[in-house]
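# Secondary and tertiary structure notes
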Amino acid sequence: MTTRVVRHIAELTTNDPSLGDHSVMGRLLDAALVHDDGHVLWVGRDDEAPDADEVLDAANGAVIPGFVDSHTHLVFAGERSDEFEARMAGQHYDGGGIRRTVEATRAASTDELRATTAARAAELRANGVTTVEIKSAYELTTDGEVRLLDLAGEFSDEVTFLGAHVVPEEFGRDRDGYVDLVGGAMMDACAPRARWADVFCDRGAFSVDESRAILLRARDAGLELRLHGNQLGDTGGVALAVELDAASVDHCTFVRDDDVLQLAASSTVATLLPGADFSTRSAYPSARRLLDAGVVVALATDCNPGTSYVTNMGFVIALAVREMGMTFDEALWAATRGGATALRRGDVGRLAVGARADFVVLDAPRAAHLAYRPGGAVVQRTERALR
Ligand code: NIG
Ligand code: FE
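Residues numbered from 1 in each chain as written. Chains lettered and ligands numbered in written order. Predicted model: local features only at pLDDT ≥ 70, side-chain atom pairs only at ≥ 80, totals over all residues.

## Topic: the site of ligand 1
- Not every one of the 13 residues close to ligand 1 is listed here, only the nearest: Ile-98, Ala-276, Asn-304, Gly-306 and Thr-307.
- The class makeup of the residues in the shell around ligand 1 is four nonpolar, eight polar and one charged. (Near = placed C-beta within 6 Å. Nonpolar A, V, L, I, M, F, W, Y, C, P; charged D, E, K, R; others polar.)

Pasting the structure below:
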């Protein structure tokens, strides 16, 4: 087992309150970090750094935990830039384009899907992501969803079955038929291939009752729960997520005061996806309102071809800081520990001793450059533990 010491870290964010400045960010200046192939072994002052087999010189850059992107739809074919252009010209988003991606994805070969997913995963990683959740959702047949989940599993352990994205074309008005399929044969085939189940519970997608029926079946099949809620309206997704103790409810663009109170009293994370609000020209949710109430907030890319073709967590952080009332530190925490909390993972999103040695070296003396230089080449190097 090789050990390595990372020296000359101008600013190290650990997200471990027992370290450094003892804030929630656990921040140390002029720091060093030692790790082996898997885990962090030591964190402290650079002038006290122990020897190790190898040295990585951070060259007075900042180091942060790798981003935990807890919401992506990475496996898809085709693109929908025409819809983006139309929305920017004033057209409203209602979830309608999903079926176009379903058609393109069904027509794509497995090799093609593998290659395009690999390219997107590499892009996320180059931008600092070390843990990524990947959903199915663009085939909506039993065999197709199985194919997408198997592909997702080649890139991540955080695989999510989202057969309930929309009712596919061939079901016409037979919504119940599709809900029965998703909760029945499709669930049976997909559950062994996923950790999570998700439902798009929103206007134009699935109702609260349909979503509850599917998620309860998913739980019986051994899956853990998360859901898309309150993206397009005040549609009850947040309350359902809390009712079912889902790990996360994602989007939360339109929430009522009682949703906020319920979330604050629960262990469900509110995952905000400002890339989707940006690309649909929606209002942004007020992260401030959620944080002030005591809700745990995560940030993720929602990378998908329809509403958020975003592979850059730095951009997501910049939007959260500029448009959603988050401080930079709150946004950085939400994109690292927040994402980990949304995936119920204790081993990632922080750089405490014993955590996974997943980290990012920045070409900047302070992590705040991620928002201060939006779109800039701030990430210099992404390191992911081998085991
Ligand atoms: O998270 N909201 C539902 N699903 C995606 C959009 C998918 C699409 O338009 O292709 C989302 O925004
Ligand atoms: Fe999504």
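## Focus on the pairing of strand E11 (residues 248–251)
- Here strand E10 (residues 227–229) pairs with E11 via three bridges, running parallel. Looking at the pairing, His-228 lines up with Asp-250 of E11.
- Handedness of the crossover joining E10 and E11 through helix H8 (residues 237–243): right-handed.
- By the bridge criterion, three bridges tie E11 to strand E12 (residues 269–272) in an arrangement that is parallel. Residue pairing for E12: Asp-250 is matched across the bridge by Thr-271.
- Between the parallel pair E11 and E12, the chain is carried across by helix H9 (residues 257–264), and the sense of this crossover is right-handed. (Pairing = 2+ DSSP bridges. Helix = DSSP H or I, 4+ residues; strand = E, 2+ residues; numbered from the N terminus. Right-handed = clockwise from strand over helix to strand, strands pointing away.)

## Comments concerning helix H5 (residues 175–183)
- Among all positions of H5, only Tyr-178, Val-179, Val-182 and Gly-183 are buried. All buried residues of H5 fall inside an arc of 125° around its axis, so they share one side.
- Against strand E7 (158–164), helix H6 (185–190) and helix H7 (208–220) lie the buried residues of H5. (Buried ≥ 20, exposed ≤ 12 C-beta atoms within 10 Å, placed from the backbone. Arc of directions from axis to C-beta. Contact = placed C-beta atoms within 7 Å.)

## Here we look at the environment of Val-297
- Mapped onto the fold, Val-297 is located in strand E13 (residues 297–299).
- Between the C-alpha atom of Val-297 and that of Val-269, which follows or precedes it by 28 residues, the distance is 5.8 Å.
- If sequence neighbours within four positions are ignored, Val-297 has contacts with Ala-270, Leu-272, Ala-287, Leu-290, Leu-291, Ala-334 and Gly-338.

## Quick word on the domain arrangement of the protein chain
- The assigned domain composition of the protein chain is domain 1 (4–66 + 349–383) and domain 2 (67–342).
- Between the C-alpha centres of domain 1 and domain 2 the distance comes to 30 Å.
- Taken together, the contact between domain 1 and domain 2 spans 20 residues of the former and 23 residues of the latter.
- Mapped by element, the contributors of at least two residues to the side of domain 1 that touches domain 2 are strand E4 (54–65), helix H14 (369–372) and strand E15 (379–383).
- The residue makeup of the side of domain 1 that touches domain 2, split by class, is 12 nonpolar, six polar and two charged. (Domains from an automatic or database assignment.)

## Comments concerning helix H2 (residues 98–107)
- All of the buried residues along H2 are Ile-98, Thr-101, Val-102 and Thr-105. The buried residues of H2 all sit within an arc of 105° when viewed along its axis, so they share a single face.

## A few points about the sheet that holds E4
- What the six strands build is an open sheet, ordered E3-E2-E1-E4-E14-E15; its pairing is mixed. Both outer strands of the open sheet, strand E3 (40–45) and E15, are each paired with one neighbouring strand and no more. Each adjacent strand pair in this sheet contributes to an overall mean axis angle of 35°, direction not counted.
- In terms of strand pairing, strand E14 (residues 359–362) meets E15 through four bridges, oriented antiparallel. Counterpart to Val-360 in the pairing with E15 is Thr-382. (Axes fitted to C-alpha atoms, helices over the stretch in contact; angles between N-to-C directions.)

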